[in-house]
Amino acid sequence: MELQKKINLKNLDNSKIVVERLVEENLNGKLDNYLQKFSADNIEWTLSLNLEKNKKDLFNGVLQLVIDGKNYRYEREDYKKLDDLVNHLFEHFKEELAKK
């Protein structure tokens with residue numbers, strides 16, 4: 001499995017380390033069992049996470065994953081806490097994987 005990660009932050013200059021840690025915790029802690037079915041060497045996947053602080057001083061985010069040609073996309077707005085937003089986006093991905 002080859003993973004390409006793209007994390008884009010807008011108006012969140014001091015949050016890069018925290019966001020990267022949250023992504024790793026979700027992938028390697030909360031989702032590792034669900035992602036085992038994509039562990040073959042020939043499977044490529046891309047993770048794109050776009051986060052921003054909006055004009056209301058709240059957080060918006062979009063998580064998009066493409067795994068073996070299948071697209072998963074989750075979007076949420078107006079979260080008070082950045083970590084809650086990131087975890088929530090990954091929780092929706094986990095729920096969709098659990099259905100399969």
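Owing to the predicted nature of the structure, the values given are computational and were not obtained by experimental measurement.

Colleague: What is the right way to read the side chain of Asn60 from this model?
Modeller: In this structure, Asn60 sits in strand 3 (residues 59-67). You can call Asn60 buried: its relative accessible area is 13%. Within the local environment of Asn60, its side chain forms a polar contact with the side chain of Asn54, the two groups lying 3.1 Å apart. Within the structure, the side chain of Asn60 is placed 3.0 Å from the backbone nitrogen of Asp78, a separation counted as a polar contact.

Colleague: What is the right way to read the packing of helix 1 (residues 16-30) against helix 3 (residues 82-98) from this model?
Modeller: To characterise two packed helices, one gives the angle between the axes of the helices and the distance between these axes. Where helix 1 meets helix 3, the closest approach of the two axes is 10 Å, and the angle between their N-to-C directions is 30 degrees. In this view, helix 1 runs roughly parallel relative to helix 3, as classed from their interaxial angle. Classified by chirality, the crossing of helix 3 by helix 1 is right-handed. When helix 1 is examined against helix 3, the residues Val19, Leu22, Val23, Asn26, Leu27 and Lys30 are found in contact with a partner set consisting of Leu82, Asp83, Val86, Asn87, Phe90 and Lys94.

Conventions we followed
Think of each chain on its own: its residues are numbered from 1, step by step along the sequence as written. The model is predicted, so local features are restricted to residues of pLDDT at least 70 and side-chain atom pairs to those at 80 or more, both for listing and for counting; the totals for chains, interfaces and linings are taken over all residues. Think of the side-chain values as coming from all heavy atoms in the structure, minus any hydrogens and water. Helical segments are the DSSP runs of H or I of at least four residues, strand segments are the runs of E of at least two, and each set is numbered from the N terminus. We call a residue buried when its accessible area falls under 20% of the maximum for its residue type, exposed when it is over 50%, and partly exposed in between, using a 1.4 Å probe and counting protein chains only. Here a polar contact is recorded for every N or O atom pair within 3.5 Å, except that within protein the pair must consist of a potential hydrogen donor and a potential acceptor, and residues adjacent in sequence are included only if both atoms are side-chain atoms. Fitting a line to C-alpha atoms yields each axis, with helices limited to the stretch in contact; the angle taken between N-to-C directions then spans 0 to 180 degrees. Throughout this description, any angle smaller than 35 degrees is read as roughly parallel, any larger than 145 degrees as roughly antiparallel, any in the 65 to 115 degree range as roughly perpendicular, and the remainder as oblique. By definition, any crossing whose near helix is turned counterclockwise from its far helix by less than a right angle is left-handed, and any crossing with a clockwise turn is right-handed. Contacts between residues were defined by any pair of non-hydrogen atoms, one from each residue, lying within 4.5 Å.

Bear in mind that shape data such as this cannot, by itself, settle questions of function.
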